[in-house]
Amino acid sequence: MTVRPGDPESADAEVVQRHVKAVGKTWRDPVRRRRLFERAVRLREEHPGLPDFQVIPDARDAAGLLVSSEELLVRREDLAGRDDAVRRNGLVPEPVAALGGRVVRLVPAPGGPRRSVVGRSADLRRDQVPAEVSYVTAMAVVIKSLGGAEPAERRWPPLPSGTTAGASVRVAVVDTGVTRQTRTDGWLAGLAQDPGNIDELDTSPHNGKLDAAAGHGTAVAGLVQQEAPEVALAVYNPVPPDGAATETVVGAAMVTAVQEAFAAGQSVVLNLSLGTTTTDDEPPVALAAALAEIEALAAASPHEALVVAAAGNYGEDRPVFPGALPGVVAVGGLRQDLTPAPWSSYGDWVTCSVIGDGVLSTYVEGAEDPEFDPVCPDTFGPDPFALHFGTSFAAPQVAARVARVAQEERIGLRAALDRVLDGAPALPGYGRVLTIQPSIGT
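Summarised in this report is the structure supplied together with it. Bear in mind the structure is a predicted one, so any value in this text is a computation, not a measurement.

A word on the overall build of the protein
Point 1. Summing up its helical and strand segments, the protein has 11 helices and 18 strands in all.
Point 2. The globule rule puts the C-alpha radius of gyration for 442 residues at 22 Å, and the 21 Å found for the protein is close to it.
Point 3. Counting only C-alpha atoms, the protein reaches 70 × 50 × 45 Å along its principal axes.
Point 4. Within the span of the protein, comprising 442 residues, buried residues form 59% of the whole.

Focus on the nonpolar core
Point 1. With 55 residues, the main nonpolar core has Val171, Leu233, Val308, Val329, Val331, Val398 and Leu434 as its most contacted residues.
Point 2. Sort the elements by how many residues they give to this core and helix H10 (residues 395-409) lands first, with eight residues.
Point 3. Not counting the four nearest positions on each side in its chain, valine 171 is found in contact with Val224, Val231, Ala232, Leu233, Ala234, Val269, Ala399, Ala400 and Ala403.
Point 4. Residues Val174, Ala253, Met254 and Val307 belong to the second largest nonpolar core, which totals 43 residues.

Observations regarding the packing of helix H7 (residues 216-227) against H10
Point 1. At a closest axis distance of 8 Å, the pairing of H7 and H10 adopts a crossing angle of 35°. When the axes of H7 and H10 are compared, the crossing they make is right-handed. Within the contact between the two elements, H7 uses Val220, Leu223, Val224 and Glu227 and H10 uses Pro396, Gln397, Ala400, Arg401 and Arg404.

Remarks on the pairing of strand S7 (residues 169-174)
The two faces of the sheet receive side chains in turn, since in a regular strand these alternate between them.
Point 1. Judged by how many residues are buried, S7 sits mostly within the fold: six of six residues are covered.
Point 2. Side chains Val169, Val171 and Val173 project from S7 onto one buried face, and the interleaved Arg170, Ala172 and Val174 project onto a second face that is buried too.
Point 3. Once the chain exits S7 it traverses H7 before rejoining the sheet at strand S8 (residues 232-236), and the crossover so formed is right-handed.

A closer look at the side chain of glutamine 266
Point 1. Mapping glutamine 266 onto the fold places it in the loop between helix H8 (247-263) and strand S9 (267-272).
Point 2. Assessed through its relative accessible area of 7%, glutamine 266 is described here as buried.
Point 3. Looking at glutamine 266, its side chain comes within polar contact range of the main-chain oxygen of alanine 167, at 3.4 Å.
Point 4. Polar contacts involving the side chain of glutamine 266 include one to the side chain of arginine 170, which spans 2.6 Å.
Point 5. Apart from residues no more than four positions distant in its own chain, glutamine 266 is found in contact with Gly166, Ala167, Ser168, Val169, Arg170, Ala232, Ala261 and His303.

Side note on the packing of H8 against helix H9 (residues 285-299)
What describes two packed helices is the angle between their axes and the distance between those same axes.
Point 1. Following both chains from N to C, one finds H8 and H9 inclined at 10°, their axes separated by 8 Å at the closest point. By the criterion of interaxial angle, the relationship of H8 to H9 is roughly parallel. Between H8, through Glu247, Thr248, Val250, Gly251, Met254, Val255, Val258, Gln259 and Phe262, and H9, the contact on the second element is made entirely by Val285, Ala286, Leu287, Ala290, Glu293, Ile294, Leu297 and Ala298.
Point 2. Considered class by class, the residues forming the contact of H8 with H9 number 12 nonpolar, three polar and two charged.

What to know about the pattern of salt bridges
Point 1. According to the stated counting rule, one finds 27 salt bridges in the structure shown.
Point 2. The partner of aspartate 123 in a salt bridge is arginine 115, with the nearest N and O atoms 2.9 Å apart.
Point 3. By relative accessible area, arginine 115 is classed as partly exposed at 33%.
Point 4. With a shortest N-O distance of 3.0 Å, arginine 180 and aspartate 194 are connected by a salt bridge. Remark: aspartate 194 occurs in the loop between S7 and H7 and arginine 180 occurs in the loop between S7 and H7; sequence separation between them is 14 residues.
Point 5. Salt bridges linked by common partners bring Arg35, Arg39, Asp369 and Glu371 together as one network.

Side note on the sheet that holds strand S13 (residues 357-362)
Point 1. Taken together, the three strands give an open sheet; going across it, the order is S6-S16-S13, and neighbouring strands pair in antiparallel fashion. Single-partner strands in this sheet number two, and they are strand S6 (150-151) and S13.
Point 2. Pairing of S6 with strand S16 (residues 385-389) involves two bridges; the strand directions are antiparallel. What sits directly across from proline 151, in S16, is alanine 386.
Point 3. Sheet strands touched by H7: S13 and S16. Its angle to S13, the strand with the most contacts, is close to 85°.

Reading the values: the criteria
- Residues numbered from 1 in each chain as written.
- Predicted model: local features only at pLDDT ≥ 70, side-chain atom pairs only at ≥ 80, totals over all residues.
- Heavy atoms only, no water.
- Helix = DSSP H or I, 4+ residues; strand = E, 2+ residues; numbered from the N terminus.
- Rg over C-alpha atoms; globule rule 2.2 N^0.38 Å.
- Buried < 20%, exposed > 50% of the residue type's maximum accessible area, 1.4 Å probe, protein only.
- Core = buried A, V, L, I, M, F, W, Y, C linked by side-chain atoms within 4.5 Å.
- Contact = heavy atoms within 4.5 Å.
- Axes fitted to C-alpha atoms, helices over the stretch in contact; angles between N-to-C directions.
- Left-handed = near helix turned anticlockwise from the far one by under 90°.
- Right-handed = clockwise from strand over helix to strand, strands pointing away.
- Polar contact = N/O pair within 3.5 Å; in protein donor to acceptor, adjacent residues only side chain to side chain.
- Parallel < 35°, antiparallel > 145°, perpendicular 65-115°, else oblique.
- Nonpolar A, V, L, I, M, F, W, Y, C, P; charged D, E, K, R; others polar.
- Salt bridge = Lys/Arg side-chain N within 4 Å of Asp/Glu carboxyl O.
- Pairing = 2+ DSSP bridges.

Written out as structure tokens, the structure is:
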């Protein structure tokens, strides 16, 4: 499009073009991702309030994979009668109640030696205990391009006063939470529940700069509210602002979000703007268990639950979980011209795709860490809006659209999804091509 001086839309289009050209290639840089992995490990070792991680080898990715160094996971049925083998290996079994007891955590016994989870897993397998690592379902800490969010010239109009949420459907955003910073334009008002779901923005490291995924949940929640302002919105924060949480913690929050929606008499669309690959391309234990528990809850309830997840930003067809789990709506990313974004994950497991390059949404006040924008770190002032990049910001567009259609047309969530997808053109590897947030200039 032609750039017109003084025109906010033209200015935003120029920012998107510059971002894609200058830093888009960093999405797929394994050296950079490995450095971010190692930074996350180091910072968590220095932060007593966060669980420790470690990097394990991955035959298909030179960066490796980030996992918990504090737990292994095993399915309940695979542990039956093998508790002695667990204890011989210096571990203690802890059933995960939040996942319906479907999964057992295996944690080091107090005072025991510190060992690699890969070595522990191998020893357990020799004792016929098929223990798996606990993957980190990462956001920006792993798959963030240089540059991050960019300041936007455009703004949404203030949220109309008197907007009220309906009672039949809610969207639950499981993410970093939402900022406690107050906006004057009405967006996100009332969502922050201090201390329940607050994104603290600057914890790892605490250096006066925004953490790697600071504001992530705020941007996701803003997209949901902008697309579906009359649908109830709940925000959860199992993920700290560095963007990294174990699948166990995320899975527990998924189940809690569904339980609370059903208790309130609402069907729920669950938005998960996070994900991970695995060493064997098989589903992570805790995420699969969380989905099974949600399906069981829905089977016993008059209400529905639909899980929508980001497809991931790996730029390849390798499955990313939870998006690639059966029954989950996986959302890929497109460029402004509705062609595939080169960084978006893809495959026959992707349900649909929307624009993920330069998505306009709410953001947070604060200064970027030069680690993530060494060329020109930005500072965001009051009532900030930003252009966001990644499938993290594609998924909530779809989650909100489905919830809105379900509520407005008084139909079920799966029926609403079918309605949203109906007639949309198909793009191999990217599912149905949807236009929700419009292209800049249209």
